[in-house]
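Topology and contacts: notes
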Amino acid sequence: MSASSSRGAGYTASQVLDGNYDSYWAAAAGQTRATLELDFGKPKSFNRILIQEYVNLGQRLSAFTVEKEVEGKWLPLAQGTTIGYTRILRVPDTRAQKIRVNFLEAKGEPLIAELGVYAAPALIFPPKITRSTTGLVSITAEDPGLEIYYSLDGSVPLAGKNRYDKPFLLEKPATVQAIVVDAKTGKSSTIRRQELDLMKGNWKVLVNDSKAQAAIDELAHTYWTSPSNALELDLGEKVALQGLRYLPMQARYPSGFIADYALEGSFDGSNWFHLAKGEFANIQNNPIEQVIRFAPQQLRYVRLKALRTVDGNAATFGELSAVTR
Ligand SMILES: [Ca+2]
């Protein structure tokens, strides 16, 4: 263990390895930039870095990088802003004998209570599947270093068959199914299944409010609040529609979930007719995507009206999607 600078006895670099939060390394007085180097004595495998800042004298650090030494060269491994009481950095599986932490910005001399690395078992959660408005599908795993396999034809995704390596274009409706696989242990996640229907690139929300596009931007966390409790959608062309998906607002403190709805269709955007009416029964407790189905129709326009919202607030729309299959 070594440090580029130290306040001296009682505050040396070795204090970060003693397992005691109350003993800490301090850079020399006035030095806000400093480096801590950790030599394991022999190569060590890890995928987590733990750093604890001694915060009893205030949280000081606001920028740092971590590097590993490979064949005599220092290579980037991680970077961050604040550290605070405990910061655990998730890094790809790494084997190295030395790492160093460069503290780049701080309000005072860096004070570090503990520094270490360890190997955590890879987290095998099912992947996230998203598509951009231009049709690019991205599949992402929680943890770096895991493999992803997928299918588009309704078949069960299998490890070793059709590996995902980068976003791909998917312009037609399809069911994307994907799993995450840890090649080291052979363990795989449960299957994530995502219905991707019509692309939304040419869709428009018919209202004079640019924020309304948030209801069709393919992003689950963005939403639009409709002062009129309704949303009129132009699909850009006539399509054979047989349903609509409504994702409620996804937020910690949501508002305006639609409880009772009426769905209308139109060929021209001015004459509207009934398509469906109903209730999203459990939406308050389980605000997942809701599906409205109706007899197939050639339509260009749809209007989703909130007849009642859960909390009485103006209706919000997280995301609307077509159902054509
Ligand atoms: Ca959205």
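Residues numbered from 1 in each chain as written. Predicted model: local features only at pLDDT ≥ 70, side-chain atom pairs only at ≥ 80, totals over all residues.

**A word on the overall build of the protein chain**
Each helix and strand counted, the protein chain has zero helices and 21 strands in total. Taken over the C-alpha trace, the protein chain has a radius of gyration of 27 Å; the compact-globule value for 325 residues is 20 Å, which it surpasses by more than 25%. Overall size of the protein chain, expressed as C-alpha extent along the three principal axes, is 85 × 45 × 30 Å. Residue pairs at least 24 apart in sequence account for 69% of intrachain contacts in the protein chain once pairs closer than 6 positions are excluded. (Helix = DSSP H or I, 4+ residues; strand = E, 2+ residues; numbered from the N terminus. Rg over C-alpha atoms; globule rule 2.2 N^0.38 Å. Contact = placed C-beta atoms within 7 Å.)

**Digging into the pairing of strand E7 (residues 111-118)**
Within E7, six of the eight residues are buried, leaving the element largely enclosed by the surrounding structure. Pairing analysis gives two bridges linking strand E2 (residues 25-26) to E7, with the strands arranged antiparallel. Its bridge partner lying in E7, Ala 26 is registered against Leu 111. Two elements, strand E3 (residues 34-53) and E7, share six bridges in a ladder whose sense is antiparallel. Residue pairing in the sheet places Leu 50 in a bridge with Gly 116 of E7. (Buried ≥ 20, exposed ≤ 12 C-beta atoms within 10 Å, placed from the backbone. Pairing = 2+ DSSP bridges.)

**Considerations on the environment of Gln 31**
Within the fold, Gln 31 resides in the loop between E2 and E3. For Gln 31 and Ser 5, which are 26 residues apart along the polypeptide, the C-alpha to C-alpha distance reads 8.0 Å. Setting aside anything within four residues of it in sequence, one finds Gln 31 in contact with Ser 5 and Glu 109.

**A word on the nonpolar core**
Among the nonpolar cores identified, the biggest contains 29 residues, and Ala 215, Leu 231, Leu 244, Ile 258, Leu 304, Phe 317 and Leu 320 are the most heavily contacted of them. For this core, the secondary structure elements donating two or more residues are strand E16 (230-247), strand E17 (258-266), strand E19 (290-309) and strand E21 (319-323). Residues Ala 3, Trp 25, Ile 99 and Ala 113 belong to the second largest nonpolar core, which totals 28 residues. (Core = buried A, V, L, I, M, F, W, Y, C linked by C-beta atoms within 7 Å.)

**Quick notes on the domain arrangement of the protein chain**
Each assigned domain of the protein chain is listed with its residue range as follows: domain 1 (2-118), domain 2 (128-196) and domain 3 (204-323). Of note, the centres of domain 1 and domain 2, computed from C-alpha atoms alone, are 36 Å apart. (Domains from an automatic or database assignment.)

**Notes on the sheet that holds strand E8 (residues 128-131)**
Strand order in the open sheet formed by three strands is E8-E9-E11, with antiparallel pairing between adjacent strands. Looking at strand neighbours, the two that pair on one side only are E8 and strand E11 (168-169), the edges of this open sheet. Pairing geometry for E8 and strand E9 (residues 136-140), over four bridges, is antiparallel. In the sheet register, Ile 129 faces E9, and the bridge partner there is Ile 139.

**Observations regarding the sheet that holds strand E12 (residues 174-181)**
Read across the sheet, three strands follow the order E10-E12-E13 without closing on themselves; strand pairing throughout is antiparallel. The strands lining the two open edges of the sheet, one partner per strand, are strand E10 (147-151) and strand E13 (192-196). Ignoring strand direction, the axes of neighbouring strands in this sheet form an average angle of 25 degrees. Alignment of E10 against E12, held across five bridges, turns out to be antiparallel. Looking across to E12, one finds that Tyr 150 is bridged to Ala 178. (Axes fitted to C-alpha atoms, helices over the stretch in contact; angles between N-to-C directions.)

**A word on the pairing of E12**
One face of the sheet, then the other: side chains in a regular strand alternate in exactly this way. In terms of residue burial, E12 counts as a mostly covered element, since six of its eight residues are buried. As paired strands, E12 and E13 are joined by five bridges and run antiparallel to one another. When the bridges of E13 are listed, Ala 178 appears paired with Arg 192.

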